[in-house]
Amino acid sequence: PRAPNPDRQRRQADRLIPPHVDPSADGHQLSYLHLAARGSSLLMLTITGDEPEIAAVIAVNLAAIAAEEARNALVVDTDAARSPVAAVLRQRAEPGIVDIIDNRVSWPEATLPATIGRNRTIDVVPSGTSVPLPSYEEISALFQRDAARLARHYDAIVIATTAEQVLSGLPSVLPVPDVIYCAGVGHTRLRSLRQAIEGVRLAGGRPVAVVLWEG
C-alpha cells in the first residue's frame, strides 16, 4: 500500500478512481517503459502470476499508462472463477468473456469504460461468471477467432489471466505472445518462478518481464 496522493483528494473525479489504480507509481512506470522500449506499434500483453489479484492490478495500471500515452487501451479478464479485474476496478463482473463464448453478448456489449484519470478512460471486458467455468479450449478459440479484429480497434490490449491458462498455451494463439509474470517478494520461490517461465516458453508464450510485488 502507498500513502494517499494529496493530488487525488482535490477533485471528485480523482477520488472516484479505485485506490489500486495509480499509473504514476514508479513500479508501474518502470514496467511500462521497459515494454514500450520494444518499439512495437501494438502493445499486447498477457499478464499472470501466483496471485490473480496482483496480476489484475498490474494489468489495469499498465493499460492506464498506455491510455495516458494516447493509446486506445483494452483490458480483458479471463479468470471467471475470481473476476479480479472487476474487483480491482469495482465494476460488475458480468456480462463478460463467458457470455461472449456462449454467444449471449458481443464484444461491444460486454465492454465497460473505466475511469483511470481526468479525461482518461480504458475499456474493460470483465470475465463474466458461470458454472461450470469455461475451458481453456473455449477461451483459446475465442481469442484465436477475434484477437486480430480487436487489434484493429485497440493499440494496447492487456489480458489478465490465470497461470493455468497461460501454461496451457493461451498466448500462443495471440498475434503477440508477450507474457509478464507477477511474483511476490518473499513469497514466490525461485524454483517455482523458473519453472513457470520455462513453462510459458514451452507453451508458446514469450516471457518479456517479471514484475516483483512487495507487500
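Residues numbered from 1 in each chain as written. Predicted model: local features only at pLDDT ≥ 70, side-chain atom pairs only at ≥ 80, totals over all residues. Heavy atoms only, no water.

**Looking at the side chain of Asp77**
Then comes step 1: Of note, Asp77 is situated in strand β2 (residues 73-77).
Then comes step 2: No salt bridge is formed by the buried Asp77, whose closest oppositely charged neighbour, Arg82, lies at an N-O distance of 8.5 Å.
Then comes step 3: Within polar-contact distance, the side chain of Asp77 engages the backbone nitrogen of Asp79 at 2.9 Å.
Then comes step 4: Contacts of Asp77, omitting those with residues within four sequence positions, involve Ser83, Pro84, Val85, Ala86, Ile97, Val125, Pro126, Ser127 and Ala160. (Helix = DSSP H or I, 4+ residues; strand = E, 2+ residues; numbered from the N terminus. Buried < 20%, exposed > 50% of the residue type's maximum accessible area, 1.4 Å probe, protein only. Lys, Arg positive; Asp, Glu negative; His and termini not counted. Salt bridge = Lys/Arg side-chain N within 4 Å of Asp/Glu carboxyl O. Polar contact = N/O pair within 3.5 Å; in protein donor to acceptor, adjacent residues only side chain to side chain. Contact = heavy atoms within 4.5 Å.)

**Considering empty space enclosed by the protein**
Then comes step 1: One pass over the full model with this rule turns up one cavity of 30 Å³ or more.
Then comes step 2: Of the volumes computed, that of the largest cavity is approximately 40 Å³.
Then comes step 3: Around the largest cavity, the lining residues are Ile47, Pro52, Ala55, Asp77, Asp79, Pro84, Ala160, Thr161 and Thr162. (1 Å grid on protein atoms, 1.4 Å probe; cavity = no way out; pocket = protein on both sides within 12 Å on 5 of 7 lines; lining within 4 Å. Points joined across faces, edges and corners; volume = space filled by probe spheres on them.)

**Quick word on the side chain of Thr78**
Then comes step 1: Along the polypeptide, Thr78 turns up in the loop between β2 and α4 (84-89).
Then comes step 2: There is a polar contact of 2.6 Å between the side chain of Thr78 and the side chain of Thr161.
Then comes step 3: The contact partners of Thr78, leaving out residues within four places of it in the chain, are Ser127, Ile139, Phe143, Ile159, Ala160, Thr161, Thr162 and Gln165.

**Remarks on the confidence of the model for the protein chain**
Then comes step 1: Looking at the protein chain, pLDDT values average 91 and 93% of them are 70 or higher.
Then comes step 2: Looking at the elements of the protein chain, mean pLDDT is at its lowest for helix α1 (residues 12-15), recorded as 60, and at its highest for β2, recorded as 98. (pLDDT = per-residue confidence, 0-100.)

**A closer look at the packing of aromatic side chains**
Then comes step 1: One pass over the structure, following the stated rule, counts one aromatic pair.
Then comes step 2: Centre to centre, the rings of Trp107 and Phe143 are 6.1 Å apart; their planes meet at 65 degrees, and the pair counts as edge-to-face. Separated by 36 residues along the polypeptide, Trp107 in helix α6 (residues 107-110) and Phe143 in helix α7 (residues 136-153) bring together distant segments of the chain. Both residues of the pair, Trp107 and Phe143, count as buried. (Phe/Tyr/Trp six-rings, centres within 6.5 Å; stacked < 30°, edge-to-face > 60°.)

**Considerations on the packing of helix α2 (residues 26-36) against helix α3 (residues 52-68)**
Then comes step 1: At a minimum axis separation of 10 Å, α2 and α3 run at an interaxial angle of 65 degrees. Here α3 runs roughly perpendicular to α2, going by the angle between their axes. As for how α2 packs across α3, the hand of that crossing is right-handed. Note on element contacts: α3 touches α2 through Val57, Ile58, Asn61, Leu62, Ile65 and Ala66, opposite His28, Gln29, Ser31, Tyr32 and Leu35.
Then comes step 2: Tallied by class, the residues present in the contact of α2 with α3 amount to seven nonpolar, four polar and no charged. (Axes fitted to C-alpha atoms, helices over the stretch in contact; angles between N-to-C directions. Parallel < 35°, antiparallel > 145°, perpendicular 65-115°, else oblique. Left-handed = near helix turned anticlockwise from the far one by under 90°. Nonpolar A, V, L, I, M, F, W, Y, C, P; charged D, E, K, R; others polar.)

**Side note on the pairing of strand β4 (residues 120-125)**
Then comes step 1: As defined by bridge partners, β2 adjoins β4 across three bridges and the pair is classed as parallel. Note on β4: the bridge partner recorded for Val75 is Val124.
Then comes step 2: Pairing of strand β3 (residues 112-117) with β4, which is carried by five bridges, proceeds in the antiparallel orientation. For Gly117, the partnering residue across the bridge sits in β4 and is Arg120.
Then comes step 3: Linking β3 back to β4 in an antiparallel pair, the connection comprises two residues, with Asn119 at a positive phi of about 60 degrees. (Pairing = 2+ DSSP bridges.)

**Examining the sheet that holds strand β7 (residues 206-213)**
Then comes step 1: With respect to topology, seven strands assemble into an open sheet ordered β3-β4-β2-β5-β1-β6-β7, the strand pairing being mixed. For this open sheet the edge positions go to β3 and β7, each flanked by a neighbour on one side alone. Mean inter-strand twist for the sheet, computed between neighbouring axes without regard to direction, equals 25 degrees.
Then comes step 2: The pairing of β2 with strand β5 (residues 156-160) spans five bridges and is classified as parallel. By the bridge assignment for β5, Ala73 is matched with Ala156.
Then comes step 3: Contacts from helix α9 (residues 190-202) reach β6 (178-184) and β7, with the element oriented near 150 degrees to β7.

**Looking at α7**
Then comes step 1: The end-to-end C-alpha distance of α7, which contains 18 residues, comes to 25 Å, matching closely the 26 Å that a straight helix rising 1.5 Å per residue would cover.
Then comes step 2: Where α7 is concerned, the buried positions are Ile139, Ser140, Leu142, Phe143, Asp146, Ala147 and Leu150.
Then comes step 3: Looking at the buried residues of α7, the elements they touch are β1 (43-49), β2, α5 (97-101), α6, β5 and α8 (163-167). (Expected span 1.5 Å × (residues − 1).)

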